[in-house]
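Observations on the model geometry
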Amino acid sequence: MSSDTAAISIQNVSKIFKVYNKPQDRLWQGLFKSKKKLYREFWAINDLTFTVKKGECIGIIGRNGSGKSTILQIIAKTLKPTSGQVEVNGRVSALLELGSGFNPEFTGRENVMTNGVIMGLSIDEVMKKMPEIEAFAEIGEFIDQPVKTYSSGMFVRLAFACAIHVNPDILIIDEALAVGDMRFQLKCIERLKKLKSEGKTILFVSHDSFMVRNFCDQAIWMMDGKIHLRGDVNTVTEQYQDFMKYEGDQQNSPALIGSPVTHQVLVIDKVNIKNTDNKDEDRFKFGDPFSVEISYTLKEKLNGIVGGVAIYDKQNNYICGLNTKLDSINLPTEPGEHQLVLNYSEMKLLPGTYFIDIGFFESSAVVILDYKSRHKMFHVHSGEYFAEGLTFIEHSWSSKESVQKRYAKV
C-alpha cells in the first residue's frame, strides 16, 4: 500500500466474539481456564481485506449482523481485531454512537476539551475551536452544564459538533446523520459535503441505501463478515435492494425512509394528477400522457432543492423514480408558494393500479424536507390484451427464415 494514496488498509482482519449462554459461564471460563469451551464463537468479521484511498467517500451497506459497524469500530480503534492488520494514515474522527465517549458528570465544555485532546489536539487548539463548536451545537448556556442534564437532542448536537470540528483526515459515520431537527440536519449535511469537497476520506455506514447512493461515490456491500460486492455506488445499491426485496426484507426505497422531522423548511401542500385537458383524472388509457402537479411552500431561503416523483405498483415494485437533480432542473430558492409539474409524455405501463410518492430533499438528496408516501393512485386500462408484466416495450418480430430471405434479396 502506498502511504501517499491510501488512508485505510485492512489486511486479513477477523473479529471473533465469544457468546455465552449464561452470564456465569463467562465467569467460570475466566476463573478456571476450563478446557471445555463454555461459549460459541461468532465471526463478526471473517478474513476481511480492502483498501480505502485518500479522498474516497465510501458507503457500507448490509443487513444487521453483516459486520458493518464492527469494521468501523476496528478502524476507529474502539475495538481490537482478533487477527489481521489495520493501518490508518491520518487523524480519525468517528461518529459511531454519538456521544458515547462523553462523561455524563462533566459539563459539555469539559467533554469537548477532553475529546479534543484525545483526538490529538492541544489545549490551545481546542480552545480556538470552542466558539465554532458552541455556535454549531446551538445549546446555549447548557454548554457549561453537566451532560447528564441534557436532552437527547442537545446531547447529539454537541457530539456531532465536536466530531466534525477536530479537522479529521478520515471521518467515520455509523447511522449518525439523522440528528436533531431538520434545520440541524441540513447544517450537518452541508458540513459533511464541505468535508467531502475538501478531500477528506469518509466511510459511511447506513441501512438506507438511498442515502448512501446520494452521498457516496462507491459502496461496499457486506454479508456474513465479508465483502459481498464493492464498486460503483449505483450498481452496488441496486443489487443490494434487489437482494433485500427478494429475501423478503423491507426494501430501502425513498418511500420507506420515514417521515421528516418537525420544524419543516418545505411543505407539500397539494398534489394533482392531470390529463391533457388540465383536469383532475385518475384513469388513463394505455399510452395516454398525463401530468403530476405539486404545489408546495418554501418557508425559508434554501439552495439546491431536489424534487422527485416515484411510481410503484400494487406489489410495491419500484417502477420509476425521477427527480430534478437527475434532469438538472433548478427549483426556486426564495420563500413562497411554488409549483412543480412533471409531464409524462407517454405512459406505457400495462393495465393495473399504480401509486405515486412525492418527495423534496436538500441538494444532496439525503435530508428529507417533506415526503408523501403512496399519496396518489391512478389506473391504467386497455380494451385489449396485448402484453404481460409491468410495461410495454416497443418491438418487432422476425424468424430466422425471413432474415435469410431478406439478405438473399440483397
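Just so we're clear, the structure is a prediction, and the values are computed from it rather than from any experiment.

Cut-offs used in this document
Residues numbered from 1 in each chain as written. Predicted model: local features only at pLDDT ≥ 70, side-chain atom pairs only at ≥ 80, totals over all residues. Heavy atoms only, no water. Helix = DSSP H or I, 4+ residues; strand = E, 2+ residues; numbered from the N terminus. Buried < 20%, exposed > 50% of the residue type's maximum accessible area, 1.4 Å probe, protein only. Contact = heavy atoms within 4.5 Å. Areas by Shrake-Rupley, 256 points an atom, 1.4 Å probe, with all protein chains shown as cover. Phe/Tyr/Trp six-rings, centres within 6.5 Å; stacked < 30°, edge-to-face > 60°. Salt bridge = Lys/Arg side-chain N within 4 Å of Asp/Glu carboxyl O. Patch = residues over 30% accessible without salt bridge, like charges linked within 9 Å, V, L, I, M, F, W, Y side chains within 5 Å. Expected span 1.5 Å × (residues − 1). Polar contact = N/O pair within 3.5 Å; in protein donor to acceptor, adjacent residues only side chain to side chain. Axes fitted to C-alpha atoms, helices over the stretch in contact; angles between N-to-C directions. Parallel < 35°, antiparallel > 145°, perpendicular 65-115°, else oblique. Left-handed = near helix turned anticlockwise from the far one by under 90°. Nonpolar A, V, L, I, M, F, W, Y, C, P; charged D, E, K, R; others polar. pLDDT = per-residue confidence, 0-100. Pairing = 2+ DSSP bridges.

1. Description of the overall build of the chain
The helix and strand inventory of the chain stands at 9 helices and 17 strands. When burial is assessed residue by residue, the chain has 44% of its 410 residues classed as buried. Long-range pairs, those at least 24 residues apart, make up 72% of the contacts in the chain with a sequence separation of at least 6. Accessible surface computed for the chain: about 21,700 Å², of which carbon and sulfur atoms make up 49%.

2. Observations regarding unusual backbone geometry
Positive phi, normally seen in glycine, also occurs at asparagine 12, with a value near 50 degrees. Counting through the fold element by element, asparagine 12 comes out in strand 1 (residues 6–20). Backbone geometry places aspartate 47, a non-glycine residue, at a positive phi of 55 degrees. Among the residues examined, aspartate 47 registers a relative accessible area of 45% and is labelled partly exposed.

3. Details of the packing of aromatic side chains
Applying the stated criterion across every chain, the model contains 19 aromatic pairs. With a centroid separation of 5.6 Å and an interplanar angle of 70 degrees, the aromatic rings of phenylalanine 136 and phenylalanine 184 are classed as edge-to-face. Remark: phenylalanine 184 occurs in helix 6 (residues 182–197) and phenylalanine 136 occurs in helix 4 (residues 123–137); sequence separation between them is 48 residues. Of the residues examined, phenylalanine 136 reaches a relative accessible area of 6% and is grouped as buried. Plain terms: the ring middles of phenylalanine 361 and tyrosine 371 are 6.1 Å apart, the flat faces sit at 70 degrees to each other, and that makes the pair edge-to-face. Here tyrosine 371 lies in strand 17 (residues 368–381) and phenylalanine 361 lies in strand 16 (residues 352–361), a separation of 10 residues in the sequence. On the basis of relative accessibility, which here comes to 6%, the residue phenylalanine 361 falls in the buried class. Residue tyrosine 371 is classed as buried on the basis of its relative accessible area of 12%. Taken together, the aromatic side chains of Phe284, Phe290, Tyr344, Tyr354 and Phe378 make up a single cluster linked through ring pairs.

4. Description of the pattern of salt bridges
Summed over all chains, the structure comprises 16 salt bridges. Residues lysine 194 and glutamate 198 are paired through a salt bridge, measuring 2.5 Å at the closest nitrogen-oxygen approach. Under the relative-accessibility criterion, lysine 194 is labelled partly exposed at 44%. Salt bridges sharing partners connect three or more residues here, namely Arg109, Glu134 and Asp144.

5. Quick look at a nonpolar patch on the surface
Taken together, Leu27, Trp28 and Leu31 make up a surface patch of nonpolar side chains, about 320 Å² in accessible area. Mapped onto the elements of the fold, tryptophan 28 is located in helix 1 (residues 23–32).

6. Examining helix 5 (residues 152–164)
Since the α-helix advances by 3.6 residues per turn, residues separated by three or four positions end up pointing in the same direction. Along its 13 residues, helix 5 runs 19 Å from first to last C-alpha, staying within 8% of the 18 Å computed at 1.5 Å per residue. By the criterion of burial, helix 5 is predominantly enclosed, with 10 of the 13 residues buried. When we look at burial in helix 5, the residues that qualify are Met154, Val156, Arg157, Leu158, Ala159, Phe160, Ala161, Cys162, Ala163 and Ile164. Residues of helix 5 that are buried sit in contact with strand 5 (92–95), helix 3 (108–118), helix 4 and helix 6.

7. A few points about the side chain of serine 9
Among the structural elements, serine 9 can be located in strand 1. Judged by its relative accessible area of 5%, serine 9 falls in the buried class. Among the polar contacts listed, one links the side chain of serine 9 to the side chain of glutamine 11, at a separation of 3.1 Å.

8. Observations concerning helix 6
In this model helix 6 runs 22 Å from its N-terminal to its C-terminal C-alpha over 16 residues, within 8% of the 22 Å that 1.5 Å per residue would give. Listing the buried residues of helix 6 in full gives Met182, Phe184, Gln185, Leu186, Cys188, Ile189, Leu192, Lys193 and Leu195. Those residues of helix 6 that are buried lie in contact with helix 4, helix 5, strand 6 (170–174), strand 7 (201–205), helix 7 (209–215) and strand 17.

9. So, the packing of helix 5 against helix 6
Contact geometry for helix 5 and helix 6: axes closest at 12 Å, N-to-C directions at 15 degrees. When the interaxial angle is binned, helix 5 and helix 6 end up roughly parallel. Seen along the crossing, helix 5 lies across helix 6 with a hand that is left-handed. Side by side, helix 5 and helix 6 meet where Arg157, Phe160 and Ile164 of the first sit next to Phe184, Cys188, Arg191, Leu192 and Leu195 of the second. Considering only residue class, the contact of helix 5 with helix 6 consists of 6 nonpolar, no polar and 2 charged.

10. Examining the confidence of the model for the chain
The predicted coordinates ought not to be read in detail in places where the model reports low pLDDT. With 89% of its residues at a pLDDT of at least 70, the chain reaches an overall mean of 86. In the predicted structure, residues 248–262 sits below a pLDDT of 50 and forms 40 contacts with residues beyond four places in sequence or in another chain.

11. Concerning the sheet that holds strand 6
Pairing within the open sheet is mixed, and its 6 strands lie in the order 5-6-7-3-8-9. Of all the strands in the sheet, the pair left with one neighbour each is strand 5 and strand 9 (226–232). Strand after strand, the sheet turns through a mean of 15 degrees between neighbouring axes, direction not considered. Where strand 3 (residues 57–61) and strand 8 (residues 218–223) come together, 4 bridges link them in parallel fashion. In the sheet register, glycine 59 faces strand 8, and the bridge partner there is alanine 219. Across the sheet, helix 2 (residues 68–75) is in contact with strand 3, strand 6, strand 7 and strand 8; its angle to strand 6 comes to roughly 150 degrees. Its contacts with the sheet place helix 6 against strand 3, strand 6 and strand 7, and it is angled at close to 145 degrees to strand 6.

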